[in-house]
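# What the coordinates show
Residues per chain, in single letters:
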Amino acid sequence: REGYVYSNITSWPKFWLGLCASHNCSTGKKCVLEDGQPQCEISECVDVPSLPNASIPYGHRGVNDTRAYDCDVGENGEGLVINKENLTKQERQKYDLGWKNNAYNEYASDRISVHRSLPDIRYDGCPRRFPKNLPDTSVIICFHNEGWSVLLRTVHSVIDRSPRSLLKEIILVDDFSDMDHLKEPLEKYMRDYQVKIVRTKKREGLIRSRLLGNSVATGSVLTFLDSHIECYPGWLEPLLTRVAINWSKVVCPVINLIDEDTFKTNNLQATAYGVFSVTNLVFGWEAISQREQARRQNEWDPIRSPAMAGGLFSMSKKYFEYLGTYDSGMEIWGGENIEMSIRVWTCGGSIEIHPCSHVGHIFRSRSPYKWERSIYETLLKNKARVAEVWMDEYKHIYYERINYSSSDMGDVSDRVALRKKLRCKPFKWYLDNVHPEAQLPEHSIIAGDVASLYRDTLCLDSMGTKDGLEIGVAECHGTGNNQFWAITVKGHIYGSAEYYKCLTNEIGSGKLTLWPCDDHSDIWQYTEDKKIVNQGTGKCLTLVPATRKLIMNQCSDVGTQYWNWRRARKP
Ligand code: UD2
Ligand code: MN
C-alpha cells in the first residue's frame, strides 16, 4: 500500500469517550470530562496548542503577547474581527502571510480555541435519541497544505462531537503537503489522539487521496470531510441513521458557512439542495423543488438532492466500493462530485441532505494550492470524463460549449465498463426523474465560435455573463466559453457557455446584450451567405473594426457584415 499508517488503535484515551457529544452547554461554555463525567465550563484562555518545538508559542496566550484578549473569543461560532491596521509590523506580517498561504484569515483562527463551541441549531423535531446499533464510521479527511489551527479544529470538532461508539477512527490523508507543521509536529500531536495519518508519495489530488483513505479505512461507513470544517453538535448520528436504514443512501450534512475572515458561523437551516447545469457541469445550489417539498412532511425530514457538493458525506464503505469508488483518472480537484451524483442516482442509490446534521465549512474565494496545470484545464479533463461516460447524447450540449476533443480526457473504458456492469439507467432517466426542473438548452442548428470574415482573428465574445452587458469582439481563443454561440431551431442565439442567455438587440438604445432566454427573445437568422440578421428589424450584425464594437446596420454587402460561424469540435 501507498503511504503508511501511524498508530494502530488499541485502546482509546478517556477524552475520546464522546460523552460530551450529547451534553449541551450554554453559550460560551464548552464541555469537558471531569473524572469521566461531562461538565460545562468556560473555555480556558490558552488552548491553541503550540507547535511542538516552536520557538514562538502559538496562539493568543503566547508569552510575548501581552494584549488582553477575551477568553471566549469565537465561542458559540462567534467571529473575531481583527483590525489589521492596529497590528504591529511583525504581527501584520503574520497576518498577511496567513492570508497568502491559506486564502483565509489564519491569524484570526490562531486566536480561537480549537475546541470552541458551536450552537446546537437542530430543529426541535430532530431526533435526540438514536438506534442502538448504528454502524460505525471512519472519518476521512484529505488535506493539501492546511493551516495548523484550522486543521486541529477540524479534527477536534469531530472528536468532541461524535459519540465514541460511532467513531471507528479518524484518518488524515496528507496529499503531499509541503508545510513544515504538517510533518513531524502533526504526527506528534495526533499520536496523542490516535488519529491515523497516511501520506501520498506524490501530489495525487483530492480524488486519489480519498481512495488512499478508503484503502486503510476499517469502519463500515465512510464519512468524508474537508480539512477546514467544524462539526456542529449532533452532526453524525442522523447521517449514520439514514445509511443504516438503506445502505444505498449517500447522506450529506447541511453545509454551513464559516466566514473566511472572522470565522463566524452562519448557523442557517437548509433551504436549498444541490444541482448541476448540463451545459457546463458546474455544481450549484437551488431552492428545493416544490415537488420535493410536497413529498416531505417536516422541515427536519431528509431532502432528496439531485447532486452533492462533494466534500462532506457519509456512505457505506461496501456501497462505495460496489459503486466503483471514484474515477481515479480524474486529477487534483473538481467534477468528482457530479460524477458521483449521477452515478449514485442512476445506479440505484440516492443522495440526501439531512436537515438535522450540520457541518461548517470555510469557503474560500480563491484556491490557495499550486496547480500543475491550470484549474481550467484540470476541470476540462475531469468533466469531459463525466460527460463521456455518463451523459449519453446529452454530452454534446457540454462539449460544444467548450470545444473539447476526446483525446484530452484519457482512457475512460474502465468507467464505461463499470456503468454497463452496474446496469445504470440512462442520463435521460436522471433528467426526467431526479431533476426534471433542470433547464435544457433548445436544440441548436450550429454551435461554436463566430469569427468576423472581415478580420478573422476576431470572434464574437459575450465579455462575461452579466445580464444586460454589451457583447463585443475579442481575439479568437478557440475554447468556447465566452465565445460560444449557438443558433437554435427557433432562431434564438444562445451566448456564453454557462447560462441560458440569449442575444438581444435592445429597442431604443440599440445595444447588443444578453438576457435570459424566453419565448420573447429576439429571433435571428444566419443566412446562406453568412450574415446574421435580426428578424424583427431586418438589420444585420455589423463589426466596427476601428472600435471593435458591434452595431446593427442596414444589410448591404460590406465585409464587416459577414461572419463565419464555426462548428465546435465534437469528440
Ligand atoms: C468542493 C468540495 C470538495 C470537493 C470539490 C470538488 C465541499 C464543502 N467541498 O470544493 O470536497 O468535492 O468541491 O472537487 O463540498 N485537497 C487535496 N489535494 C488537492 C486539492 C485539495 O487533498 O490537490 C483537499 C483539500 O485540502 C480539501 C479538499 O481536498 O480538504 C477539498 O478541496 P477544497 O476545500 O479546495 O475544495 P472546495 O471546498 O472549494
Ligand atoms: Mn473545502
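Residues numbered from 1 in each chain as written. Chains lettered and ligands numbered in written order. Predicted model: local features only at pLDDT ≥ 70, side-chain atom pairs only at ≥ 80, totals over all residues. Heavy atoms only, no water.

## Side note on the overall build of the protein
- Regarding its fold elements, the protein presents 13 helices and 25 strands.
- When each of the 571 residues of the protein is scored for burial, the buried share is 58%.
- Considering only contacts in the protein between residues 6 or more positions apart, those separated by 24 or more positions represent 72%.
- Just so you have it, the protein exposes about 25000 Å², and 50% of that area is on carbon and sulfur atoms. (Helix = DSSP H or I, 4+ residues; strand = E, 2+ residues; numbered from the N terminus. Buried < 20%, exposed > 50% of the residue type's maximum accessible area, 1.4 Å probe, protein only. Contact = heavy atoms within 4.5 Å. Areas by Shrake-Rupley, 256 points an atom, 1.4 Å probe, with all protein chains shown as cover.)

## Digging into the pattern of salt bridges
- What the rule picks out here adds up to 32 salt bridges.
- Between arginine 116 and glutamate 230 there is a salt bridge; the shortest N-O distance is 2.8 Å. With arginine 116 in the loop between helix H2 (106-109) and strand S3 (137-143) and glutamate 230 in strand S7 (residues 229-231), the pair connects residues that are 114 residues apart, well separated along the chain.
- The exposure class of arginine 116 is buried, given its relative accessible area of 2%.
- A salt bridge links arginine 343 to glutamate 339; the nearest nitrogen and oxygen atoms lie 2.8 Å apart. With arginine 343 and glutamate 339 both in helix H9 (residues 336-346) and four residues apart, this pair spans about one turn of that helix.
- Judged by its relative accessible area of 0%, arginine 343 is buried.
- A single network of salt bridges, built from pairs that share partners, joins Lys202, Glu204, Arg208, Glu331 and Lys381. (Salt bridge = Lys/Arg side-chain N within 4 Å of Asp/Glu carboxyl O.)

## Re the state of the cysteines
- All chains considered together, the criterion is met by five disulfides.
- Shown here is the disulfide that connects cysteine 126 with cysteine 356, its sulfur atoms set 2.1 Å apart. Its torsion about the S-S bond being -85 degrees, the disulfide of cysteine 126 and cysteine 356 is classed as left-handed. One end of the pair, cysteine 126, is in the loop between H2 and S3; the other, cysteine 356, is in strand S13 (residues 350-362), with 230 residues separating them in the sequence.
- Covalently, cysteine 502 is tied to cysteine 517 through a disulfide, its sulfur atoms 2.2 Å apart. Disulfide cysteine 502-cysteine 517: the torsion about the S-S bond is 100 degrees, which places it as right-handed. In this pair, cysteine 502 sits in strand S19 (residues 501-505) while cysteine 517 sits in the loop between strand S20 (512-516) and strand S21 (524-526), placing the two residues 15 residues apart along the sequence. Both residues of the pair, cysteine 502 and cysteine 517, belong to the buried class.
- Cysteine cysteine 231 shares no disulfide, and the gap to the nearest cysteine sulfur, in cysteine 252, comes to 14 Å.
- Owing to a relative accessible area of 0%, cysteine 231 belongs among the buried residues under this scheme. (Disulfide = S-S within 2.5 Å.)

## Observations regarding the packing of helix H10 (residues 375-390) against helix H11 (residues 395-402)
- Taken N-terminus to C-terminus, the directions of H10 and H11 make an angle of 155 degrees; their axes are 9 Å apart at the nearest point. Between H10 and H11, the crossing angle belongs to the class labelled roughly antiparallel. Between H10 and H11 lies a crossing of left-handed hand. Contact residues: Leu380, Lys383, Ala384, Ala387 and Glu388 in H10; Lys395, Tyr398, Tyr399 and Ile402 in H11. (Axes fitted to C-alpha atoms, helices over the stretch in contact; angles between N-to-C directions. Parallel < 35°, antiparallel > 145°, perpendicular 65-115°, else oblique. Left-handed = near helix turned anticlockwise from the far one by under 90°.)

## Quick notes on the coordination of the manganese ion (ligand 2)
- Coordination of the manganese ion (ligand 2) by the protein is provided by Asp226 (OD), His228 (NE2) and His361 (NE2), with metal-donor distances spanning 2.2 Å.
- Mapped onto the sequence, the donors of the manganese ion (ligand 2) take the spacing D-x1-H-x132-H. Each member of the pair, aspartate 226 as well as histidine 228, carries the same accessibility label: buried. (Donors = N, O, S within 2.8 Å, 3.2 Å for Na, K, Ca; no water.)

## Some details on the environment of proline 436
- The residue proline 436 is located in the loop between helix H13 (427-434) and strand S14 (444-452) in this model.
- As a C-alpha pair, proline 436 and serine 289 span 147 residues in sequence and 9.6 Å in three-dimensional space.
- Leaving out residues up to four positions away in the same chain, proline 436 has contacts with Arg291 and Leu431.

## Things to note about the side chain of arginine 210
- Relative to the helices and strands, arginine 210 is located in helix H5 (residues 206-216).
- A polar side-chain atom of arginine 210 sits 2.9 Å from a polar atom in the side chain of tyrosine 326.
- Discounting residues that sit within four places of it in the chain, arginine 210 has contacts with Cys142, Phe224, Asp226, Gly310, Gly311, Phe313, Tyr326 and Glu336. (Polar contact = N/O pair within 3.5 Å; in protein donor to acceptor, adjacent residues only side chain to side chain.)

## Examining empty space enclosed by the protein
- Counted by the stated rule, this structure contains three cavities of 30 Å³ or more.
- Taken as a whole, the largest cavity encloses approximately 60 Å³ of empty space.
- Lining the largest cavity, in full, are Cys252, Pro253, Ile255, Gly274, Trp285, Ser305, Ala307, Met308, Ala309, Gly310, Leu312 and Ile353.
- Tallied by class, residues from the lining of the largest cavity come to nine nonpolar, three polar and no charged. (1 Å grid on protein atoms, 1.4 Å probe; cavity = no way out; pocket = protein on both sides within 12 Å on 5 of 7 lines; lining within 4 Å. Points joined across faces, edges and corners; volume = space filled by probe spheres on them. Nonpolar A, V, L, I, M, F, W, Y, C, P; charged D, E, K, R; others polar.)

## Concerning the nonpolar core
- The biggest cluster of nonpolar side chains holds 63 residues, and the ones touching the most others in it are Phe313, Met315 and Phe427.
- For this core, the element with the highest residue contribution is H10, accounting for six residues.
- For phenylalanine 427, the residues in contact, after removing those within four places along its chain, are Phe276, Val278, Ile342, Trp390, Met391, Asp392, Tyr394 and Arg419.
- With 35 residues, the next largest nonpolar core counts Val155, Ile159, Met190 and Leu236 among its residues. (Core = buried A, V, L, I, M, F, W, Y, C linked by side-chain atoms within 4.5 Å.)

## Looking at the site of ligand 1
- Of all residues adjacent to ligand 1, which total 21 residues, the nearest are Asp175, Gly311, Trp333, Gly334 and Glu336.
- Between ligand 1 and tyrosine 369, the relevant distance is 2.8 Å, taken from an oxygen atom to a side-chain nitrogen or oxygen of the residue. (Near = heavy atom within 4 Å.)

## Description of unusual backbone geometry
- At leucine 281, a residue that is not glycine, the phi angle is positive and equals roughly 55 degrees.
- Structurally, the position occupied by leucine 281 is in the loop between strand S9 (272-276) and strand S10 (283-287).
- Here threonine 325, not a glycine, exhibits a phi torsion of approximately 40 degrees, which is positive.
- One can find threonine 325 in the loop between helix H8 (317-322) and H9.

## Here we look at the environment of alanine 417
- Among the secondary structure elements, alanine 417 is positioned in helix H12 (residues 413-421).
- C-alpha separation for the pair alanine 417 and leucine 281, spaced 136 residues apart in sequence, amounts to 22 Å.

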